[in-house]
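Remarks on the overall topology
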Amino acid sequence: MATASYAIALGSNRRHVRHGGPEGVLRAAVEALAELGDVERVSAIHRTPALGPAGRSFANAALLLATDLQPLELLAAMKRIERHFGRRPGRRWGPRVLDLDIILWSEGIYRAPRLAIPHPEMAKRAFVLRPLAEIAADWRDPLSGRTVRQLAALGARIRG
């Protein structure tokens, strides 16, 4: 099986008893993701205002992971990591110890009932694009043809 690369977004806005605040949670999540393949690059951790009812600001980052896992296998592994960190099902945009999302895949577009790659909300989320642009600025969104750098700049102009 060939190795594929994935861009993964990480977020946290709650403390973890063992890993501490959201920044510590993200650092520990990077280590957990490294067990699934080769972490090729990791962005800086960014503080982001909360959306919706989440209340507290988020720590956000992105990483590139090379792995032999197929998209649904990776999704299942990431959901196990989230549960291990104490994530429980809850309301959308609510507070969470750890949120992991597959944003892009080196093989292009993937669609399944539980997973869409590229992530359908990617282009609307500065908290995803800003860290992702640090580590994969030239990666192209297979739907729009724009690079992550271009999407991040477009989003900054729209919001700015």
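Preceding this section is the structure that the text describes.
As the structure is a computational prediction, the values presented were derived from the model and not from experiment.

Rules behind the numbers
- Residues numbered from 1 in each chain as written.
- Predicted model: local features only at pLDDT ≥ 70, side-chain atom pairs only at ≥ 80, totals over all residues.
- Heavy atoms only, no water.
- Helix = DSSP H or I, 4+ residues; strand = E, 2+ residues; numbered from the N terminus.
- Expected span 1.5 Å × (residues − 1).
- Buried < 20%, exposed > 50% of the residue type's maximum accessible area, 1.4 Å probe, protein only.
- Contact = heavy atoms within 4.5 Å.
- Core = buried A, V, L, I, M, F, W, Y, C linked by side-chain atoms within 4.5 Å.
- Salt bridge = Lys/Arg side-chain N within 4 Å of Asp/Glu carboxyl O.

1. Quick look at helix 1 (residues 22–34)
- If you check helix 1, its first and last C-alpha atoms are 18 Å apart, about what 13 residues at 1.5 Å a residue would give, namely 18 Å.
- Restricting attention to buried positions, one finds in helix 1 the residues P22, G24, V25, L26, A28, A29, V30, A32 and L33.
- Residues of helix 1 that are buried in the fold lie against strand 1 (4–12), strand 2 (38–42), strand 3 (46–48), strand 4 (58–67), helix 2 (71–84) and strand 5 (99–105).

2. Considering the nonpolar core
- One finds I8, L10, L33, F85, L98 and I102 to be the most contacted residues of the largest nonpolar core, which totals 27 residues.
- Looking at this core, the elements with two or more residues in it are strand 1, helix 1, strand 4, helix 2, strand 5 and strand 7 (115–117).
- In terms of residues, this core owes the most to one element, helix 1, which gives seven residues.
- Not counting residues up to four positions away in its chain, the partners in contact with L33 are I8, L10, V39, L63, L65, M78, I81 and L100.
- Counting 16 residues, the second-largest nonpolar core is a separate cluster that includes A62, L104, L129 and L132.

3. Brief notes about the pattern of salt bridges
- Throughout the structure, instances matching the rule amount to four salt bridges.
- R47 is the partner of E23 in a salt bridge, and the nearest nitrogen-oxygen pair spans 2.9 Å. You can see E23 sitting in helix 1 and its partner R47 sitting in strand 3, a full 24 residues away along the chain.
- A relative accessible area of 24% places E23 in the partly exposed class.
- Looking at R47, the relative accessible area reads 43%, which means it is partly exposed.
- Here E82 ties to K79 by a salt bridge, and the two come within 3.3 Å at their closest N and O atoms. Of this pair, E82 and K79 both sit in helix 2, three residues apart, which is roughly one turn of the helix.
- Accessibility expressed as a relative area gives 3% for E82, which makes it buried.

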